[in-house]
Amino acid sequence: MKTELCERFGIEYPIFVFTPSEKVAAAVTKAGGLGVLGCVRFNDADDLEDVLQWMDANTDGKPYGVDIVMPAKVPTEGTSVDINKLIPQTHRDFVAKTLADLGVPPLPEDEAKSEGVLGWLHSVARSHVEVALKHPIKLIANALGSPPKDVIDQAHAAGVPVAALAGSAKHARRHVDNGVDIVVAQGHEAGGHTGEIGSMVLWPEIVDAVGDSAAVLAAGGIGTGRQVAAAMALGAHGVWMGSAFLTSAEYDLGVRTEGGTSVIQQALLAADSSGTVRRKIYTGKPARLLKSRWTDAWDAEGAPDPLPMPLQNILVSEAHQRMSESSDPTTVAMPVGQIVGRMNEIRPVADIIAELVSGFDQASKRLDDIREG
């Protein structure tokens, strides 16, 4: 499984994995892929600095990247206190009633409450870029499309290529015109922010649209080596994955139970491929989430419309924290793709990577046998 991206990034396999967990990112890098650490959860640049220092010390000198979030439009800038004033009381009342109806316990009195993810804001995201470029990162990706041109120029000046997610050929061309080096063609099946076009249609459309101007990573619904082979057959230079690593043994976000899994992982292990919905209730932009009693409540008659980014995430941040620390997996709010139906066991990252490689090899040999008759 070798493409030009392997040589460009100094990696063994063209497998790029987005994850909010530094332990998963480091494990992916050490297993031969490229771990990409999601930075949006870091409201404080000093916290990101600490984690990137940990990455530097725990990746054996191998390459890793970071993922920032720079939305094209936000309702305002300012502190969380300022932004909090823009959230209607009716929405707060709905969240409080829903949590009570679902039986979600409050946080312990001595535990700090989440103030929301301010990494959606341009000012915070730019601080992430400043911090990241002080480290030996090999990629900056933007989860919401092309970053501002000056950010791309800043990365290029530091010798760091830029990747941007795209949900259509039109978006992909716009990214390339803006100077993006790698387009992540993310199909409708993906977890988190995703567009309307399915992967099988989208991947070759974007490959044809950008031509030789940029490399293309296929994303959305990839969890097996056969799917990696399909992406390569459709012209992709590699794959961008995320959901499949949420049930890795190294994933360390969320409170773990006595059995060693978090309530988040319990919910993911129990889901099938039809157990997701695409809603604005997580961030204010359409995102694919695990279907749960929480998402059902927002779908019910009388529920308020989600607020725009970043207000919606600030509104529900404490609720997410409470649900992830509860003992009830049926209430979990978690971005995940339709590949969740194949996420049926907890495995080390190295085993997941090894299976992707062996599955790709088997699929390639099968195609060779078909071609040769």
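Keep in mind that what you see is a predicted model, and the values were worked out from it rather than measured.

**Remarks on the overall build of the protein chain**
Right, on to step 1. Each helix and strand in the protein chain was counted, giving 14 helices and eleven strands.
Right, on to step 2. Radius of gyration (C-alpha) of the protein chain: 20 Å, near the 21 Å computed for a compact globule of 373 residues.
Right, on to step 3. Taken over 373 residues, the protein chain has a buried fraction of 53%.
Right, on to step 4. Split by element, the accessible area of the protein chain, about 15,800 Å² in all, is 50% carbon and sulfur.
Right, on to step 5. The positive charge centre, built from 33 side chains, and the negative charge centre, built from 48, are 4 Å apart in the protein chain.

**Digging into helix α11 (residues 263-270)**
Right, on to step 1. Those residues of α11 lying buried are V263, I264, Q265, A267 and L268.
Right, on to step 2. Where the residues of α11 are buried, they touch β11 (287-290) and α13 (311-324).

**What to know about the packing of helix α6 (residues 122-132) against helix α7 (residues 149-157)**
Right, on to step 1. Remark: α6 packs on α7, axes separated minimally by 11 Å, with the N-to-C direction vectors making an angle of 10 degrees. When the interaxial angle is binned, α6 and α7 end up roughly parallel. In this structure, α6 contributes R126, V129 and E130 to the contact, and α7 contributes D150, V151 and Q154.
Right, on to step 2. Considered class by class, the residues forming the contact of α6 with α7 number two nonpolar, one polar and three charged.

**Let's talk about the confidence of the model for the protein chain**
Right, on to step 1. Within the protein chain, residue pLDDT values average 92, and 93% of them lie at 70 or more.
Right, on to step 2. In this model residues 74-78 is a low-confidence stretch, pLDDT under 50, and it forms 14 contacts with partners more than four residues away in sequence or in other chains.

**What about the pairing of β11?**
Right, on to step 1. The pairing of strand β7 (residues 192-193) with β11 spans two bridges and is classified as antiparallel. Paired with G192 across the strands is R288, a residue of β11.

**Observations regarding the sheet that holds strand β10 (residues 276-279)**
Right, on to step 1. What the three strands build is an open sheet, ordered β7-β11-β10; its pairing is antiparallel. In this open sheet, the two strands that pair with only one neighbour each are β7 and β10.

**Here we look at the sheet that holds strand β8 (residues 215-219)**
Right, on to step 1. Within the closed barrel, the eight strands sit side by side as β1-β2-β3-β4-β5-β6-β8-β9. Their pairing is parallel. On average, each strand axis in the sheet is tilted by 25 degrees relative to the strand beside it, whichever way the strands run.

**Points about the nonpolar core**
Right, on to step 1. Counting 52 residues, the largest nonpolar core has I15, I206, M241, F245 and I353 as its most contacted members.
Right, on to step 2. Ranked by residues supplied to this core, first place goes to helix α14 (residues 349-372) with seven residues.
Right, on to step 3. For this core, the domains that each give at least three residues are domain 1 (4-75 + 121-248 + 343-372) and domain 2 (83-116 + 257-331).
Right, on to step 4. What M241 contacts, discounting residues up to four positions off in sequence, is I15, F16, V17, F18, I222, G223 and L356.
Right, on to step 5. Within the second largest apolar cluster, 26 residues are counted, among which are L37, V51, I68 and M70.

Cut-offs used in this document
- Residues numbered from 1 in each chain as written.
- Predicted model: local features only at pLDDT ≥ 70, side-chain atom pairs only at ≥ 80, totals over all residues.
- Heavy atoms only, no water.
- Helix = DSSP H or I, 4+ residues; strand = E, 2+ residues; numbered from the N terminus.
- Rg over C-alpha atoms; globule rule 2.2 N^0.38 Å.
- Buried < 20%, exposed > 50% of the residue type's maximum accessible area, 1.4 Å probe, protein only.
- Areas by Shrake-Rupley, 256 points an atom, 1.4 Å probe, with all protein chains shown as cover.
- Lys, Arg positive; Asp, Glu negative; His and termini not counted.
- Charge placed at Lys NZ, Arg CZ, Asp CG, Glu CD.
- Contact = heavy atoms within 4.5 Å.
- Axes fitted to C-alpha atoms, helices over the stretch in contact; angles between N-to-C directions.
- Parallel < 35°, antiparallel > 145°, perpendicular 65-115°, else oblique.
- Nonpolar A, V, L, I, M, F, W, Y, C, P; charged D, E, K, R; others polar.
- pLDDT = per-residue confidence, 0-100.
- Pairing = 2+ DSSP bridges.
- Core = buried A, V, L, I, M, F, W, Y, C linked by side-chain atoms within 4.5 Å.
- Domains from an automatic or database assignment.

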